[in-house]
Amino acid sequence: MSTVAAYVVSGHCNYFYNQRFVFGSVATLKSYCQYWCLVLLNGSILMTVTEVLAARLDLHGLEITLVKLLAQIVLFLFSYTMQRCFIFKRRPTEKEAKA
């Protein structure tokens, strides 16, 4: 239960940190819901990839830690791109809009 609570608090803080400091976007209920859908998707993908690859790699004697690291890197890049392009779309400033 404490792991779930930590995950929820972390996700909530990460949303507002990314929204304000990383992407300079406006917080909306829509973007908040989209962010949580992305968090759940990433978590599901990571769990699935880890379980499937762990079972297969165990047969080949490869290190699961390396696979988890690579999966995390790929998911980070995917998540950042989704946030930048869809969740925290940057709106042009008034100055940019007039130009």
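Quick note: structure is the one above.
Residues numbered from 1 in each chain as written. Predicted model: local features only at pLDDT ≥ 70, side-chain atom pairs only at ≥ 80, totals over all residues. Heavy atoms only, no water.

Caption draft 1: Spatial organisation of the overall build of the chain. Counting its secondary structure elements, the chain contains four helices and zero strands. The secondary structure elements of the chain, listed N-terminal to C-terminal, are α-α-α-α. A fraction of 62% describes how many contacts in the chain between residues 6 or more apart in sequence connect residues 24 or more apart. As displayed, the chain offers around 7700 Å² of accessible surface, 68% of which is attributable to carbon and sulfur atoms. (Helix = DSSP H or I, 4+ residues; strand = E, 2+ residues; numbered from the N terminus. Contact = heavy atoms within 4.5 Å. Areas by Shrake-Rupley, 256 points an atom, 1.4 Å probe, with all protein chains shown as cover.)

Caption draft 2: Quick look at a nonpolar patch on the surface. A cluster of nonpolar side chains, Tyr17, Phe21, Val22, Leu66, Leu69, Leu70, Ile73, Phe76, Leu77 and Tyr80, forms an exposed patch at the surface whose accessible area comes to about 1000 Å². Every element with two or more residues in the nonpolar patch is listed here: helix 1 (2-22) and helix 3 (64-87). Looking at which element gives the most residues to the nonpolar patch, the answer is helix 3, with seven residues. Relative to the helices and strands, Ile73 resides in helix 3. (Patch = residues over 30% accessible without salt bridge, like charges linked within 9 Å, V, L, I, M, F, W, Y side chains within 5 Å. Salt bridge = Lys/Arg side-chain N within 4 Å of Asp/Glu carboxyl O.)

Caption draft 3: Spotlight on the packing of aromatic side chains. Applying the stated criterion to the full structure yields twelve aromatic pairs. Taken together, the ring pairs in this structure connect Tyr15, Phe16, Phe23, Tyr32, Tyr35, Trp36, Phe76, Tyr80 and Phe88 into an aromatic cluster. (Phe/Tyr/Trp six-rings, centres within 6.5 Å; stacked < 30°, edge-to-face > 60°.)

Purely geometric stuff here, so don't read any function into it on its own.
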